[in-house]
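Coordinate analysis (summary)
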Amino acid sequence: MAKEDYRGIWVFAEQQNGKLNDTVLEILAKAQELKAHTGEDISAVLLGKDVRPLAETLFAYGADKVILAEHDALASYSARPYEAAMTQLAEKHKPSIILYGATSLGRDLAPRLMVSLKTGLTADAIDLGFDQDDVFYQTTPAYGGSILAHIVILEARPQMATVRPMMFEPIQPRAGASGEIVAETVSVEPDADYEVLETAPKQDTGDAIEGAQVIVAGGRGIKEETDLETLRELASLLDGKLAASRPLVDNGWLNHDKQIGQSGATVKPRYIFNIAISGSVQYQVGMQNADCIISVNHTKGAPIFDISHYGAVADYRSVIPALVEEIKRRKA
Amino acid sequence: MKILVFIKQVPDTDDVKLDPKTGNIMREGVASKLNPLDANAVEAAVQLKEKYGATVHAVSMGPPQAEDALKKALALGCDEAYLLSDRAFGGADTLATAYTLSLAARKIGDYDLLLFGRHAIDGDTAQTGPATAAFLGIPQITLASSIDVQDGYVICDRVLEASSQKVRARLPAAVAVTQEINTPRYPKPINIMKALKKPRYVWNAEDLGADTSRTGIPGSPSSTKELLEPPKRNADTKYFSGSAEEIAAQIADMLHDEHLI
Ligand SMILES: Cc1cc2nc3c(=O)[nH]c(=O)nc-3n(C[C@H](O)[C@H](O)[C@H](O)COP(=O)(O)OP(=O)(O)OC[C@H]3O[C@@H](n4cnc5c(N)ncnc54)[C@H](O)[C@@H]3O)c2cc1C
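These numbers come from a predicted model, not from an experiment. (Residues numbered from 1 in each chain as written. Chains lettered and ligands numbered in written order. Predicted model: local features only at pLDDT ≥ 70, side-chain atom pairs only at ≥ 80, totals over all residues. Heavy atoms only, no water.)

The helix and strand inventory of chain A stands at eight helices and 18 strands. On C-alpha atoms alone, chain A measures out to a radius of gyration of 22 Å, which is about the 20 Å that the 2.2 N^0.38 rule sets for 332 residues. Summarising its shape, the C-alpha atoms of chain A cover approximately 65 × 50 × 40 Å along the three principal directions. When the 332 residues of chain A are sorted by exposure, 59% land in the buried category. Restricting to contacts in chain A with at least 6 residues of sequence separation, those with at least 24 account for 65%. For chain A, the distance from the average site of its 32 positive side-chain charges to the average site of its 46 negative ones is 4 Å. (Helix = DSSP H or I, 4+ residues; strand = E, 2+ residues; numbered from the N terminus. Rg over C-alpha atoms; globule rule 2.2 N^0.38 Å. Buried < 20%, exposed > 50% of the residue type's maximum accessible area, 1.4 Å probe, protein only. Contact = heavy atoms within 4.5 Å. Lys, Arg positive; Asp, Glu negative; His and termini not counted. Charge placed at Lys NZ, Arg CZ, Asp CG, Glu CD.)

When helices and strands are counted, chain B shows seven helices and 14 strands. Summarising its shape, the C-alpha atoms of chain B cover approximately 70 × 45 × 40 Å along the three principal directions. Pairs at least 24 residues apart make up 70% of the contacts formed inside chain B by residues separated by at least 6 positions. For chain B, the exposed area adds up to about 11,900 Å²; of that, 51% sits on carbon and sulfur atoms. Chain B carries 29 positive and 34 negative side-chain charges, and their two centres are separated by 8 Å. (Areas by Shrake-Rupley, 256 points an atom, 1.4 Å probe, with all protein chains shown as cover.)

To continue, consider the interface of chain A and chain B. Taken residue by residue, the interface counts 76 residues in chain A and 77 residues in chain B. Across the chain A to chain B interface the summed buried area is about 6,800 Å²; carbon plus sulfur atoms make up 56%. Taken together, the connections running from chain A to chain B amount to six salt bridges. A salt bridge links Arg170 of chain B to Asp193 of chain A; its shortest N-O distance comes to 2.7 Å. The interface formed by chain A and chain B contains 31 residue pairs in polar contact (both at pLDDT 80 or more). (Buried area = accessible area lost by both parts, 1.4 Å probe. Salt bridge = Lys/Arg side-chain N within 4 Å of Asp/Glu carboxyl O. Polar contact = N/O pair within 3.5 Å; in protein donor to acceptor, adjacent residues only side chain to side chain.)

What follows is about the domain arrangement of chain A. Residue and element names in this part refer to chain A. When cut into domains, chain A gives domain 1 (3-184) and domain 2 (214-331). A C-alpha centroid distance of 34 Å is found between domain 1 and domain 2. Each partner contributes residues to the interface: domain 1 has 15 residues there, and domain 2 has 14 residues. Surface buried jointly by domain 1 and domain 2 totals about 1,000 Å² across both partners, of which 49% is contributed by carbon and sulfur atoms. When the buried area of domain 1 at its contact with domain 2 is split by residue, Pro141, Arg164 and Met166 rank highest and sum to 49% of it. The tally of links from domain 1 across to domain 2 stands at one salt bridge. The salt bridge involving Glu169 is made with Lys268; its shortest N-O contact spans 2.6 Å. (Domains from an automatic or database assignment.)

This next bit is on the site of the ligand. Close contacts around the ligand come from 31 residues, with Ser245, Ser263, Ser278, Asn297 and Thr299 of chain A the closest. Residue neighbours of the ligand fall on chains A and B, so the site bridges chains. For the ligand, an oxygen atom lies 2.8 Å from a polar atom in the backbone of Arg246 of chain A. Measuring from an oxygen atom of the ligand, one finds a backbone N or O atom of Gln262 of chain A at 3.0 Å. For the ligand, the protein covers 90% of the area, taking 980 Å² as the surface of the free molecule. Taken together, the elements giving at least two residues each to the shell around the ligand come down to helix H6 (246-250), helix H7 (281-284) and helix H8 (316-331) of chain A. Counted by class, the shell around the ligand contains nine nonpolar, 15 polar and seven charged residues. (Near = heavy atom within 4 Å. Nonpolar A, V, L, I, M, F, W, Y, C, P; charged D, E, K, R; others polar.)

Time to look at the packing of helix H4 (residues 104-116) of chain A against helix H4 (residues 128-136) of chain B. Interhelical geometry of H4 of chain A versus H4 of chain B gives an angle of 50 degrees and a closest axis separation of 8 Å. Compared by their axis directions, H4 of chain A and H4 of chain B come out oblique. Pair H4 of chain A / H4 of chain B crosses with right-handed handedness. Taken together, the residues of H4 of chain B that come into contact with H4 of chain A (itself represented by Arg107, Asp108, Pro111, Arg112, Met114 and Val115 of chain A) are Pro130, Ala131, Ala133, Ala134 and Phe135 of chain B. (Axes fitted to C-alpha atoms, helices over the stretch in contact; angles between N-to-C directions. Parallel < 35°, antiparallel > 145°, perpendicular 65-115°, else oblique. Left-handed = near helix turned anticlockwise from the far one by under 90°.)

So, on to the environment of Thr226 of chain A. You can see Thr226 of chain A is positioned in helix H5 (residues 225-237). Taking the C-alpha atoms as reference points, Thr226 of chain A and Ser245 of chain A, separated by 19 residues in sequence, lie 17 Å from one another.

Attention shifts here to the sheet that holds strand E14 (residues 214-218) of chain A. Across the sheet, which stays open at both edges, the six strands sit in the order E15(A)-E14(A)-E16(A)-E17(A)-E18(A)-E14(B) with parallel pairing between neighbours. Only two strands of the sheet have a single neighbouring strand rather than two, namely strand E15 (241-244) of chain A together with strand E14 (238-240) of chain B. Averaged over neighbouring strand pairs, the angle between their axes works out to 20 degrees when direction is ignored. On top of the sheet, helix H7 (residues 244-257) of chain B reaches strand E16 (271-275), strand E17 (292-297) and strand E18 (310-313) of chain A together with E14 of chain B; it is set at about 135 degrees to E14 of chain B, its chief contact. (Pairing = 2+ DSSP bridges.)

This part is about the sheet that holds strand E8 (residues 127-130) of chain A. Here we have four strands laid out as an open sheet, ordered E8(A)-E9(A)-E10(A)-E13(B), and antiparallel in their pairing. Of all the strands in the sheet, the pair left with one neighbour each is E8 of chain A together with strand E13 (222-228) of chain B. Across the sheet, the mean angle separating the axes of adjacent strands is 35 degrees when strand polarity is ignored. With six bridges joining them, strand E10 (residues 148-153) of chain A and E13 of chain B adopt antiparallel strand pairing. Looking at the pairing, Leu148 of chain A lines up with Leu228 of chain B of E13 of chain B. Against the sheet, helix H1 (residues 22-38) of chain A engages E8 and strand E9 (136-141) of chain A, with an angle of about 5 degrees to E8 of chain A.

The tally for this structure, following the rule as stated, stands at ten aromatic pairs over all chains. Aromatic rings pair up to connect Phe12, Tyr77, Tyr82 and Tyr100 of chain A into one cluster. A cation over a ring is seen here: Lys107 of chain B above Trp203 of chain B, with NZ or CZ 5.0 Å from the ring centre. (Phe/Tyr/Trp six-rings, centres within 6.5 Å; stacked < 30°, edge-to-face > 60°. Lys NZ or Arg CZ within 6 Å of the ring centre and 35° of its normal.)

The step from Arg157 of chain A to Pro158 of chain A runs through a cis peptide bond, and the omega angle for that step is -5 degrees. Mapped onto the elements of the fold, Pro158 of chain A is located in the loop between E10 and strand E11 (159-163). Of note, the bond from Leu171 of chain B into Pro172 of chain B is cis; its omega dihedral lies within 30 degrees of zero at 0 degrees. As for its position among the elements, Pro172 of chain B is in the loop between strand E10 (163-170) and strand E11 (173-177).

Residues and elements named next belong to chain B. In terms of burial, strand E1 (residues 2-6) is a largely internal element, five of the five residues being buried. Examined bridge by bridge, E1 and strand E4 (residues 55-61) share five bridges and lie parallel to one another. Note on E4: the bridge partner recorded for Lys2 is Thr55. Inspection of the sheet shows E1 paired to strand E6 (residues 113-117) by four bridges, in the parallel sense. Counterpart to Ile3 in the pairing with E6 is Leu113.

Right, here's the structure in full:
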């Protein structure tokens, strides 16, 4: 079949326990732009059991259609039944594009569909669009340096990508929006070889950086582990949390859950301080949507300043202790 | 028990040059190392071997220099090494890579457990493990932060966004491990010596019976079309200047105006 015969933009409507993942709404928003370019419909593909009520939300946030497959074997996520169901649906409808959230679930499932559908899958895209040649591209940080890459899937269809959470704002919900529900029967079996034995909510250690309103992040320029304590003090004076770019996690000063960036957390605080961080693209994708970005770096041309609202070209070893003293003085 | 652990050699620095045409990494003259997450996978395999007895087979697809990563795996306790090396494998995306790795798994045969690092630090796709499992039609456990084998099952803890899980998969199964799973050991000099005597195999496309339209560049649906500068978002950065105390005072004023202090 010719690639032109594949039509439609699909968004995998990840849900667990009847709750849609936020990333679904973010991707639906981006899908509007893709639709504006190609004129193809947006379908949210909803797998599960008793999940039909979620269709309303999907319509409100931009889906034209909801492709619904309900089955006991899909009640909770397991890779192989979901792979089988999605494969059957994609082979039947032949969409041109399938987008998944780059969540733990999406990144577990999508590679298996890459294999079953014999197509390309771009990992963890931070943006999507059509280029000057009308080719659908997925943007990812390129390895090394401050460069982005446009990845394309030229011939194979569907063109697939996992899309990084928190890259796009959901649209304003359209009140009373409705659309077509396409209920499909899939032939799947529960996976007898895979079983979730226990699930527990993650323990809140009180210093999680996701959801923090203020973050003070340190980078490779931090010379001593004791300097990190000064950053921690600044964070706590501002009711914020301490975080880091990758080098301070690699050298063991902080745990991986404090790492911001492509292979770490995405954060969206109101204020973020970047202290001695150069601002690689891999770091930026984790924090570029912060409301207010403040950076201290002694190198004038550091790329972090390109995305900063406030900057100081200075040595953090004098500025940060002075700032801590100044805030303490004003608070006293 | 027969464990296959899949490893990759990666550049030992973030500071590499890209070929502006292909977007591929220019590896010439860049020191390389065993992908750190793969060291965790090797460690997990060797710990299972020490606990229950197993043979551990390390597999890597790459250029001839990737032997170094395999030698390291042998020094860390793997028993045999397989280098999948052929010009026809070059430039592979994750689909073509997983196809090639799955052929090697089939050729080695009778595997119980396939271990992967969660992701490679030079690509970060985290797709190769699940895709290889899909080619072999076996279950997978991604994001494993612990691992044990009991009664024909592999049992792992997984740390997800908002929850943690304990899951089990019947063998044969594939597991992709995170950094939290263990602390990789250092190779002892004596084991580095011993490693040189362990069997090492090099397999090319023909050895694997590979369809070369499915390996390397021809077998890769995705490619890099363009490299570009990230957009500058705030040309109008407001700079604070002066002595450290003056800068501190200006930042504090800003924080005050924003009601942060
Ligand atoms: C696949 C992949 C995934 C990655 N994922 C991530 C990720 O999730 N998160 C991440 O952060 N990185 C990630 N990286 C690494 C990334 O490419 C950079 O290497 C890293 O972000 C650099 O961190 P940095 O800015 O702290 O260090 P550097 O780039 O070394 O910058 C240090 C900065 O400190 C400044 N400085 C030094 N001394 C002082 C001083 N006394 N006062 C003031 N300023 C000073 C310097 O001017 C410099 O700008 C990834 C890389 C790859 C290839």
